[in-house]
Amino acid sequence: MTAAIQPAADRKLLGISLIVIAVFMMSVQDALVKHYSGDLTLWQIFTLRGVLAIPLLLLVAMLMRQQQNIWQDAVQKWALIRSAFMVLMYISLYAAIPFLSLSVIAAGFYTGPIFVTLLSAFVLGEPVTPRGWVAIGMGFCGVLVILQPGGDAFTAWALVPVFGGLMYALTNVTTRSKCQTMPMAALALSLTVMLLLLGAVFSLILYSWQGVGEAAAELPFLLGQWSEAGWAQWLLFLVLAFLTIGISITLVGAYQVAPPPLVATFDYSYLVFVGVWDFLFLTRCRVWRPCAACC
């Protein structure tokens, strides 16, 4: 009996470990994007990060021995649907960056584990333990405390990352139900290529759209033109490329090997990480060297 139970326990532990690693890297990535949002556009980040990430990802796929048929797997229907959910998640998450602090964005976004649990229980039929419901409930209470819906400080922009949380949940439920046997590298490649293409298309549209001047001045991160990229910016894109590869692979792995309600519970560790980065990047930055990127 012990031999039969142990593999399942090992997979749960692996899933927990992978999701904690994934959300740690997500928090670092989001903090960097927030920090540099005054200097770069979202679409420039998507494009140049993708240019660096794709060859690195192909190298990682070779090391993982998942390079065979990787492009064919990356364009399969459910891989593309999953990537589309993830793209909408990123857009929702980053669209709120100029208007909200990282902690508030994280609180709205981390309604996602609640959606994951609900979808898993009522759509996938995954069992949720009472302890799991309690953990999700405590996380939701934390979200309400930070967002303060109905309070004077509440803004409608806080609902944008909530939509991102729903897209995140759909991504992970799709991973569990439709992409469980797909190579992790192929799913990561599918997302990376889609983000690169999206960044390139939006960059071209904004470059050719002459009437965006006033709007670009108000929302440079979303509607502005590309900035000149020096060595520091390329180093940032390289770091983001490594992070996006790591996030994609560990996130896929977590939801492939362990039940979504369990993984979603540990998803909330993102709130701890992002609170630390919010303090280090924003509060201390304002004290030491006030800058537009932190506002």
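Reading guide: rules and limits
Residues numbered from 1 in each chain as written. Predicted model: local features only at pLDDT ≥ 70, side-chain atom pairs only at ≥ 80, totals over all residues. Heavy atoms only, no water. Helix = DSSP H or I, 4+ residues; strand = E, 2+ residues; numbered from the N terminus. Buried < 20%, exposed > 50% of the residue type's maximum accessible area, 1.4 Å probe, protein only. Contact = heavy atoms within 4.5 Å. Axes fitted to C-alpha atoms, helices over the stretch in contact; angles between N-to-C directions. Parallel < 35°, antiparallel > 145°, perpendicular 65-115°, else oblique. Left-handed = near helix turned anticlockwise from the far one by under 90°. Nonpolar A, V, L, I, M, F, W, Y, C, P; charged D, E, K, R; others polar. 1 Å grid on protein atoms, 1.4 Å probe; cavity = no way out; pocket = protein on both sides within 12 Å on 5 of 7 lines; lining within 4 Å. Points joined across faces, edges and corners; volume = space filled by probe spheres on them. Polar contact = N/O pair within 3.5 Å; in protein donor to acceptor, adjacent residues only side chain to side chain. Arc of directions from axis to C-beta.

As a further point, take the overall build of the chain. Within the chain, the regular secondary structure consists of 14 helices and zero strands. Its helices and strands taken in sequence order, the chain reads α-α-α-α-α-α-α-α-α-α-α-α-α-α from the N to the C terminus. Burial status across the chain gives 48% buried among its 295 residues. Sequence-distant contacts in the chain: of pairs separated by 6 or more residues, those separated by 24 or more amount to 88%.

Another point: the packing of helix 2 (residues 42–63) against helix 9 (residues 184–208). The N-to-C vectors of helix 2 and helix 9 enclose an angle of 155°; their axes lie 8 Å apart at closest approach. One element, helix 2, and the other, helix 9, form an angle in the roughly antiparallel class. By crossing handedness, the relation of helix 2 to helix 9 is classed as left-handed. Along the lines of polarity and charge, the residues of the contact of helix 2 with helix 9 split into 18 nonpolar, six polar and one charged.

We now examine empty space enclosed by the protein. Throughout the structure, instances matching the rule amount to one cavity of 30 Å³ or more. As a volume, the largest cavity reaches approximately 30 Å³. What lines the largest cavity is simply Asp 30, Leu 93, Tyr 94, Ile 97, Leu 102, Ile 105 and Tyr 270. If you list the elements that add at least two residues to the lining of the largest cavity, you get helix 4 (77–95) and helix 5 (102–109).

The topology assignment puts Ser 190 in helix 9. Within the local environment of Ser 190, its side chain forms a polar contact with the backbone oxygen of Ala 74, the two atoms lying 2.9 Å apart. A distance of 3.4 Å separates the side chain of Ser 190 from the backbone oxygen of Ala 79, its partner in a polar contact. When neighbours within four sequence positions are excluded, Ser 190 is seen to be in contact with Ala 74, Ala 79, Leu 80 and Ser 83.

Along the chain, Lys 34 falls in helix 1 (residues 2–35). Put simply, Lys 34 and Leu 100 are 66 residues apart on the chain and 9.8 Å apart in space, counted from C-alpha to C-alpha. Here the side chain of Lys 34 touches Ile 97 through a polar contact of 2.6 Å, landing on its backbone oxygen. For Lys 34, the side chain forms a polar contact with the main-chain oxygen of Leu 100, separated by 2.8 Å.

This part takes up unusual backbone geometry. In this structure, Arg 65 takes a positive phi of about 60° despite not being glycine. Note on Arg 65: relative accessible area 76%, which makes it exposed. The phi torsion at Asn 69 lies on the positive side, around 60°, for a residue other than glycine. Along the chain, Asn 69 falls in the loop between helix 2 and helix 3 (70–74). Overall, Asn 69 belongs to the partly exposed group, its relative accessible area being 41%.

With that out of the way, let us pick up helix 6 (residues 112–124). Three or more residues of helix 6 are buried, namely Gly 112, Pro 113, Ile 114, Val 116, Thr 117 and Ser 120. Just downstream of helix 6, Gly 125 is the residue with a positive phi angle, here 75°.

The set of residues buried in helix 13 (residues 260–267) consists of Pro 260, Pro 261, Val 263, Ala 264 and Asp 267. In an axial view of helix 13, the angular spread of the buried residues amounts to 160°, which keeps them on one side of the axis.

Remark: helix 6 packs on helix 13, axes separated minimally by 9 Å, with the N-to-C direction vectors making an angle of 170°. With respect to helix 13, the axis of helix 6 lies roughly antiparallel. Residue-level inspection shows Pro 113, Val 116, Thr 117 and Ser 120 of helix 6 in contact with helix 13, the latter providing Pro 260, Pro 261, Ala 264 and Asp 267. Residue composition of the contact of helix 6 with helix 13, by class: five nonpolar, two polar and one charged.

Just distances and angles here, no functional claims.
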